[in-house]
Amino acid sequence: MDTRIALIGIIVEDTNDIEKLNSILHEYGQYIIGRMGIPYRQKNVNVISVVIDASNDVISSLSGKLGMIKGITVKTVYSKNGK
């Protein structure tokens, strides 16, 4: 199976469903290379970056599930190749 590296950028504006976000990330934990979260208190948001190495289907599935959570914005950037 071919995999790609992707960066998933997440902005959390409503922390009510943060447990749901963490649960979904845990579900995909085997693909996650690293994760960094930055609280931006002045704007009352949290910024999370997740680096993942997985197939296109897995990356799309994770991004889609995260994007369906209310109060969360998600954007994904893919590497040009898996190397």
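- As recorded in an unreviewed UniProt entry, the protein goes by Iron-only hydrogenase system regulator and comes from Clostridium puniceum.

Comments concerning the overall build of the protein
For step 1, the next point in the chain: Helix and strand counts for the protein stand at two helices and four strands.
For step 2, the next point in the chain: Starting at the N terminus and walking to the C terminus, you meet the elements of the protein as β-α-β-β-α-β.
For step 3, the next point in the chain: For the protein, the C-alpha atoms occupy an extent of roughly 40 × 20 × 15 Å along the three principal directions.
For step 4, the next point in the chain: Counting every position in the protein, which comprises 83 residues, the buried fraction comes to 28%.
For step 5, the next point in the chain: Expressed as a percentage of contacts within the protein between residues at least 6 apart in sequence, the contacts between residues at least 24 apart total 68%.

Focus on the packing of helix α1 (residues 18-27) against helix α2 (residues 56-67)
For step 1, the next point in the chain: Between α1 and α2, whose axes approach to 10 Å, the crossing angle comes to 170 degrees. As far as their axial angle goes, α2 and α1 are roughly antiparallel. Along its contact with α1, which presents Leu-21, Ile-24, Leu-25 and Glu-27, the element α2 presents Leu-62, Lys-65 and Leu-66.
For step 2, the next point in the chain: A class-by-class count of the residues in the contact of α1 with α2 yields five nonpolar, no polar and two charged.

Describing the pairing of strand β3 (residues 45-54)
For step 1, the next point in the chain: Pairing between strand β1 (residues 4-12) and β3: nine bridges, direction antiparallel. Across the sheet, the residue bridging to Arg-4 is Ala-54, located in β3.
For step 2, the next point in the chain: Pairing geometry for strand β2 (residues 32-40) and β3, over eight bridges, is antiparallel. Bridged to Ile-32 within β3 is Ile-52.
For step 3, the next point in the chain: Connecting β2 to the antiparallel partner β3 that follows it, the hairpin turn spans four residues, and Asn-44 within it adopts a positive phi of roughly 60 degrees.

As for the pattern of salt bridges
For step 1, the next point in the chain: Tallying each qualifying case throughout the model produces two salt bridges.
For step 2, the next point in the chain: Linking Glu-27 and Lys-65 is a salt bridge whose minimum nitrogen-to-oxygen distance equals 2.9 Å. One end of the pair, Glu-27, is in helix α1; the other, Lys-65, is in helix α2, with 38 residues separating them in the sequence.
For step 3, the next point in the chain: On the basis of relative accessibility, which here comes to 32%, the residue Lys-65 falls in the partly exposed class.

The rules behind each value
Residues numbered from 1 in each chain as written. Predicted model: local features only at pLDDT ≥ 70, side-chain atom pairs only at ≥ 80, totals over all residues. Heavy atoms only, no water. Helix = DSSP H or I, 4+ residues; strand = E, 2+ residues; numbered from the N terminus. Buried < 20%, exposed > 50% of the residue type's maximum accessible area, 1.4 Å probe, protein only. Contact = heavy atoms within 4.5 Å. Axes fitted to C-alpha atoms, helices over the stretch in contact; angles between N-to-C directions. Parallel < 35°, antiparallel > 145°, perpendicular 65-115°, else oblique. Nonpolar A, V, L, I, M, F, W, Y, C, P; charged D, E, K, R; others polar. Pairing = 2+ DSSP bridges. Salt bridge = Lys/Arg side-chain N within 4 Å of Asp/Glu carboxyl O.

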